[in-house]
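# Descriptive analysis of the structure
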Amino acid sequence: MSSQNAFHDGSLKVPELHLDIEPLAHNYATYLWELTLYRIQKSTYNHLEKPAVAAFKLHRDQGGLTKEQKLEYKAWRDELEVSEIAAYNALSVGIEVTHSFQAARIAADLPLVEPAYCIDPTEPNERLQVQKEFDVGRAVKHLIVSGDDYAENLRLWQDDSGRCYYNNSIVMATYPQLSPVAELQAIKRLGVKAIEEKPWIPQWLAELAGIRRNGRPLDEGQWVYHQGCVRYKRVEDEFADEWKKITNNPFARPLPYQPTRQKGGHLRFDRGNRPPGIDCVKWTKTYNLADSEVYKEFGRRKERSIAARKNGRTRDRALMRLVEEGLIEADFVDSDP
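Below is a summary of the structure that appears in this document. (Residues numbered from 1 in each chain as written. Predicted model: local features only at pLDDT ≥ 70, side-chain atom pairs only at ≥ 80, totals over all residues. Heavy atoms only, no water.)

## Let's talk about the environment of Arg253
To be explicit about the condition: In DSSP terms, a helix is any run of H or I states spanning at least four residues, a strand is any run of E spanning at least two, and both are numbered starting from the N terminus. The contact rule is simple, with two residues in contact once any of their heavy atoms fall within 4.5 Å.
In this structure, Arg253 sits in the loop between helix 11 (240–247) and helix 12 (280–297). Look past the residues within four positions of Arg253 in its chain and what remains in contact with it is Asn311, Gly312, Arg315, Asp316, Leu319, Asp334 and Pro337.

## Examining the pattern of salt bridges
Defined as follows: Criterion for a salt bridge: a side-chain nitrogen of Lys or Arg within 4 Å of a carboxyl oxygen of Asp or Glu. Three labels apply to residues, based on accessible area from a 1.4 Å probe with only protein chains included: buried if under 20% of the type maximum, exposed if over 50%, partly exposed otherwise in between.
Under the counting rule described, the total for this entry stands at 25 salt bridges. Across the pair Asp120 and Arg216 runs a salt bridge whose closest N-O atoms are separated by 3.4 Å. With Asp120 in the loop between helix 4 (94–107) and helix 5 (125–143) and Arg216 in the loop between helix 8 (203–209) and helix 9 (220–229), this residue pair connects regions lying 96 residues apart in the sequence. One exposure class covers both Asp120 and Arg216, and it is buried. With its nearest N and O atoms 2.5 Å apart, the salt bridge here joins Glu293 to Arg321. Highlighted residues: Glu293 in helix 12 and Arg321 in helix 14 (residues 313–324), separated in sequence by 28 residues. Considered together, Glu293 and Arg321 belong to a single accessibility category, that of buried residues. Connected via shared salt-bridge partners are Glu196, Glu293, Glu297, Arg313, Arg317 and Arg321.

## Digging into the side chain of Arg271
Applicable threshold: N or O atoms within 3.5 Å of each other form a polar contact, as long as, within protein, one can give a hydrogen and the other can take it, and as long as residues adjacent in sequence are counted only when both atoms are side-chain atoms.
Looking at where Arg271 falls in the secondary structure, it is placed in the loop between helix 11 and helix 12. Polar contacts involving the side chain of Arg271 include one to the side chain of Thr284, which spans 3.5 Å. Sequence-distant contacts of Arg271, that is, excluding residues within four places in its chain, are made with Tyr257, Gln262, Gly264, Gly265, His266, Trp283, Thr284, Tyr287 and Arg315.

## Observations concerning the environment of Ser179
Among the secondary structure elements, Ser179 is positioned in the loop between helix 6 (148–158) and helix 7 (180–190). Along the backbone, Ser179 and Ala308 are 129 residues apart, and their C-alpha atoms lie at a distance of 28 Å. Other than its neighbours up to four places away in sequence, Ser179 contacts Phe134, Arg138 and Met172.

## Let's talk about the side chain of Arg216
By relative accessible area, which is 5% here, Arg216 ends up buried. Side chain to side chain, Arg216 and Glu123 meet in a polar contact 3.2 Å long. Here Arg216 is in contact with Asp120, Thr122, Glu123, Ile211, Trp223 and Gln227, once residues within four sequence places are set aside.

Everything listed here is a matter of geometry and, on its own, says nothing about what the molecule does.
Following this line, the structure appears as structure tokens:
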């Protein structure tokens, strides 16, 4: 059994939570999360930016760049520097935040344990915000727990790399709003924002460097391998069965998926009827974008992309895009695909 899942064996009683110091614990857990992001982001992008910088210098020296591209490159570098300085300055509260919580923790005779976070800084910002909310929320509840038995179990979690969900923790049973299922629901509400590429680098520069806009290699499999090395998984991959339950048929479509054949356009056998109020051009374009997203999500594996078209997942992605754009309601029922 994973140490992350070994918290509650039935022998522990419901612990005492020192809710009076919860605000201090929240500030401390938030500071540690942002510090972890800053450090990982700095080391990760220091590595990922190398092919972009090299490609820029090569094409600049060969006279292959426009004046506009040179100016955009300078603006990009300046923005990165400003963002790093701002993030560093934001961490200046760390000493005060740490001192305040540690003093309160010692006074309450709480165990000296620290939360550990696993973050992929190349993920979309909206996804990172959701992760931060749940990572910090779970950590806070366990920072204010008293009892040596709990301290020992918490230390076991720190030995597990990867994200910490405090599975089977008796504390978490009291806070279902912080459960993995609650986080999955938050990710679902993000729609396409949860998987869109972060626009970290100008598109033209990414193309010159042979990388994605979020800095990752074009071969997504390489980045998946990297994530495996650092034990990072998206929450929907960690809890795949629950994710399937949550996302299965989100628009209440009649099953199995049997799309109406369309008269023209790309993928006319798979995209089905356009939703009411959406014209043919918009629907075709949206479905094609969704198809590209699913293809990339599956590591450019054609057979999985085709399966997604046939089982309706690609259509669901397209409909979610329309929801995000405010063109259809979130509770839209796909009764006539």
